[in-house]
Each structure stands twice: as C-alpha cells, then as structure tokens.
Amino acid sequence: MAGASGRMTCIGFLSVAPVVEGSMASYVADAVAALEAAGVEYETTPMGTIIEAEDSADLFAAAHAAHEAVDADRVETFLKIDDKRTVEQRATEKVEAVEDALGHEARSDRD
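Residues numbered from 1 in each chain as written. Predicted model: local features only at pLDDT ≥ 70, side-chain atom pairs only at ≥ 80, totals over all residues. Heavy atoms only, no water.

### Topic: the environment of Thr49
Part 1 of the argument: Inspection of the secondary structure puts Thr49 in strand S3 (residues 48-53).
Part 2 of the argument: In this structure the C-alpha to C-alpha distance between Thr49 and Arg90, which are 41 residues apart in sequence, comes to 15 Å.
Part 3 of the argument: Not counting chain neighbours up to four residues away, the residues in contact with Thr49 comprise Gly12, Phe13, Leu14, Val32, Leu35, Tyr42, Glu43 and Thr44.
Part 4 of the argument: A distance of 3.3 Å separates polar atoms of two side chains, one belonging to Thr49 and the other to Thr44. (Helix = DSSP H or I, 4+ residues; strand = E, 2+ residues; numbered from the N terminus. Contact = heavy atoms within 4.5 Å. Polar contact = N/O pair within 3.5 Å; in protein donor to acceptor, adjacent residues only side chain to side chain.)

Spelled out as structure tokens, the structure:
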C-alpha cells in the first residue's frame, strides 16, 4: 500500500474463502476484485487481505462486496477491524512503529 494517497483511519484484516477442496485462488481473486471495485486500498497476503478505508461504513461495504463475490455453496468470512477515531494512522505506519522498536525490518528475510 506504499505510495497511496490520502489518510486512512479504519484498517481491517479480511479473509474470505469458500469451503471447497482444491485451490481457492480463483475465488480469492473474485473477492479481491470486489475490493478493488469498492475503491478501498488493500494488500493481499498469504493469510488474508489488509484493507484501509476512510471509515467503518466503507470498510464494511467493501468486506460485504468481497464476501458476496465468492460464488460457492458455503463461504467463510473473517473480519477484524481497527477503527481509530481520534488518530489518523496508515497500516504502514503501524508496521514502521514496530520496526522502530525492533531496530530492523519486521520480517525474517531482511537484508
């Protein structure tokens, strides 16, 4: 999400997955495409997608769109929200604060 413009205050972690055997990649791609269409900023990781929105209404709407985009008989969705109402902070700033405390990048494959 580097280089994104504007300030965001509502950060979410979203995982939408069908209950199916085999690869879920095409289903996840549909969910991510819905996030893109919703106009929120996002970063997909192996375990879920980090979403940034102006407010909780936008974040809930995007999560709902992602959930509905998965065309399967059964869909499981997990959503965790950090809604900072008095402080504007990007997801990247949260990671940078941890890295400052560590004194290095917060990942094992750093150079």
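### Remarks on the pattern of salt bridges
Part 1 of the argument: A complete count under the given rule lists 2 salt bridges for this structure.
Part 2 of the argument: Where Arg74 meets Glu76, a salt bridge forms, and the shortest distance between an N and an O atom there is 3.4 Å.
Part 3 of the argument: Note on Arg74: relative accessible area 51%, which makes it exposed.
Part 4 of the argument: On the basis of relative accessibility, which here comes to 46%, the residue Glu76 falls in the partly exposed class. (Salt bridge = Lys/Arg side-chain N within 4 Å of Asp/Glu carboxyl O. Buried < 20%, exposed > 50% of the residue type's maximum accessible area, 1.4 Å probe, protein only.)

### Re the sheet that holds S3
Part 1 of the argument: The 4 strands are arranged S2-S3-S1-S4 in an open sheet whose pairing can be described as antiparallel. Two strands bound the open sheet, and with one partner strand each, they are strand S2 (41-45) and strand S4 (75-83). Across the sheet, the mean angle from the axis of one strand to that of its neighbour is 20°, orientation sign disregarded.
Part 2 of the argument: With 9 bridges connecting them, strand S1 (residues 10-18) and S4 associate as antiparallel partners. Bridged to Leu14 within S4 is Leu79. (Pairing = 2+ DSSP bridges. Axes fitted to C-alpha atoms, helices over the stretch in contact; angles between N-to-C directions.)

### Side note on the pairing of S3
On a regular strand, each side chain points to the face opposite its neighbour's, so the side chains alternate between the two faces of the sheet.
Part 1 of the argument: With 5 of 6 residues buried, S3 lies mostly within the body of the structure.
Part 2 of the argument: The pairing of S1 with S3 spans 5 bridges and is classified as antiparallel. Opposite Leu14, over in S3, you have Thr49 as the bridge partner.
Part 3 of the argument: Examined bridge by bridge, S2 and S3 share 5 bridges and lie antiparallel to one another. Among the inter-strand pairings, Thr45 is bridged to a residue of S3, identified as Gly48.
Part 4 of the argument: Where S2 folds back on S3, the antiparallel hairpin that results is connected by 2 residues.

### Here's the deal with the packing of aromatic side chains
Part 1 of the argument: Tallied over the full model, the rule gives 1 aromatic pair.
Part 2 of the argument: Between the aromatic rings of Phe13 and Phe78, the centroid separation amounts to 6.3 Å while the plane-to-plane angle is 65°, which identifies the pairing as edge-to-face. Note that Phe13 is positioned in strand S1 and Phe78 in strand S4, a separation of 65 residues in sequence.
Part 3 of the argument: We classify Phe13 as partly exposed; its relative accessible area is 26%. (Phe/Tyr/Trp six-rings, centres within 6.5 Å; stacked < 30°, edge-to-face > 60°.)

As far as function goes, none of this settles anything; it's purely spatial.
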